Amino acid sequence: MKQHHRSWPFSAILLAAFGVALVCIGAFFMFLRPPLLPEDMRFIGLSLEQLQVGQPRMASWLERVFRVLGGYATASGVLTITVAATSFRRHERIALLGVLAAGIASIGWMVVVNFVIGSDFRWVLLAVAVLWVASVCMFMVERRHATVRAGETG
């Protein structure tokens with residue numbers, strides 16, 4: 001199949017930037033995030049010492065859980081960059097549907113939950129979600145403009 005558009009539309013650039021942000025979130029969870037953040041302790045309502053007495057293996061378990069979560073976030077970011085570079089870049093409708101579904105299930109849900117729990121990271125995550133929303137909106141604008149141009153020349 002011959003690709004007609006070699007340049008990167010703004011929607012694909014935004015989606016690729018969103019993918020890079022997901023990779024960074026994944027790296028944070030895999031390599032930098034401690035098992036319990038101060039916001040976690042506020043939400044739980046216990047001190048770290050109280051939690052360690054009652055559940056001595058909780059921190060070790062959470063560390064493993066967050067490493068796995070980080071791997072999934074990184075994989076999602078890599079796949080998002082790949083979609084941005086291929087089908088999203090070509091404005092294929094199926095790419096839009098996949099990006100919508102994946103974004104709602106991932107960053108959309110993450111932002112909602114982080115606002116509900118009053119996370120210290122809620123605004124950063126909202127900014128990442130704005131990249132996703134902007135890429136979807138630009139995709140629709142670019143696709144509409146392409147359809148109008150095709151109608152004018154056809």
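Our subject in this report is the structure included herewith. Note that this is a predicted model, so its numbers are computed, not measured.

### Considerations on the packing of helix α1 (residues 10-32) against helix α4 (residues 58-85)
(1) Moving on: Taken N-terminus to C-terminus, the directions of α1 and α4 make an angle of 165 degrees; their axes are 7 Å apart at the nearest point. By the angle between their axes, α1 is roughly antiparallel relative to α4. The handedness of the crossing between α1 and α4 is left-handed.
(2) Moving on: Its residues assigned to classes, the contact of α1 with α4 shows 18 nonpolar, eight polar and one charged.

### Observations concerning the packing of aromatic side chains
(1) Moving on: One pass over the full model with this rule turns up five aromatic pairs.
(2) Moving on: Note on F29 and F66: the rings are 5.6 Å apart at their centroids and 45 degrees apart in plane angle, and the pair reads as tilted. On the criterion of sequence distance, the pair formed by F29 in helix α1 and F66 in helix α4 is long-range, its members being 37 residues apart. The two residues F29 and F66 agree in class, both being buried.
(3) Moving on: Ring geometry for F88 and F139: centres 4.5 Å apart, planes at 35 degrees, overall tilted. You can see F88 sitting in the loop between α4 and α5 (93-116) and its partner F139 sitting in helix α6 (residues 122-153), a full 51 residues away along the chain. Summarising the burial analysis for this pair, F88 and F139 share the class buried.

### A short note on the nonpolar core
(1) Moving on: In terms of nonpolar packing, the biggest core is built from 27 residues, with F18, I25, F88 and I107 touching the most fellow members.
(2) Moving on: Elements with a minimum of two residues in this core: α1, α4, α5 and α6.
(3) Moving on: Per element, the largest residue contribution to this core is eight residues, and it comes from α1.
(4) Moving on: Sequence-distant contacts of I25, that is, excluding residues within four places in its chain, are made with A73, L125 and V128.

### Points about the environment of L97
(1) Moving on: Inspection of the secondary structure puts L97 in helix α5.
(2) Moving on: Placed 39 residues apart in sequence, L97 and V136 show a C-alpha to C-alpha distance of 9.6 Å.

### Things to note about the pattern of salt bridges
Side chains that differ in charge, positive against negative, can pair when their charged atoms come close.
(1) Moving on: What the rule picks out here adds up to four salt bridges.
(2) Moving on: A salt bridge links R42 to D120; the shortest N-O distance between them is 2.8 Å. Taken together, the positions of R42 in helix α2 (residues 38-44) and D120 in the loop between α5 and α6 put the pair 78 residues apart, joining distant regions of the chain.
(3) Moving on: Residue classification places R42 among the exposed positions, given a relative accessible area of 52%.
(4) Moving on: Taking the relative accessible area as the measure of exposure, D120 reaches 47% and is therefore partly exposed.
(5) Moving on: Note that R90 and E92 form a salt bridge whose closest N and O atoms lie 2.7 Å from each other.
(6) Moving on: Overall, the relative accessible area of 30% leaves R90 in the partly exposed class.
(7) Moving on: For E92, a relative accessible area of 25% translates into the label partly exposed.

### With respect to the side chain of R33
(1) Moving on: Mapped onto the fold, R33 is located in the loop between α1 and α2.
(2) Moving on: On the accessibility criterion, R33 (7% relative accessible area) is buried.
(3) Moving on: Within the structure, R33 has its side chain in polar contact with the backbone oxygen of P35 (distance 3.1 Å).
(4) Moving on: Setting aside chain neighbours within four positions, we find R33 in contact with F28, D40, F66 and R67.

Analysis parameters
- Residues numbered from 1 in each chain as written.
- Predicted model: local features only at pLDDT ≥ 70, side-chain atom pairs only at ≥ 80, totals over all residues.
- Heavy atoms only, no water.
- Axes fitted to C-alpha atoms, helices over the stretch in contact; angles between N-to-C directions.
- Helix = DSSP H or I, 4+ residues; strand = E, 2+ residues; numbered from the N terminus.
- Parallel < 35°, antiparallel > 145°, perpendicular 65-115°, else oblique.
- Left-handed = near helix turned anticlockwise from the far one by under 90°.
- Nonpolar A, V, L, I, M, F, W, Y, C, P; charged D, E, K, R; others polar.
- Phe/Tyr/Trp six-rings, centres within 6.5 Å; stacked < 30°, edge-to-face > 60°.
- Buried < 20%, exposed > 50% of the residue type's maximum accessible area, 1.4 Å probe, protein only.
- Core = buried A, V, L, I, M, F, W, Y, C linked by side-chain atoms within 4.5 Å.
- Contact = heavy atoms within 4.5 Å.
- Salt bridge = Lys/Arg side-chain N within 4 Å of Asp/Glu carboxyl O.
- Polar contact = N/O pair within 3.5 Å; in protein donor to acceptor, adjacent residues only side chain to side chain.

Such coordinate-based values are descriptive only and should not be taken to indicate function.
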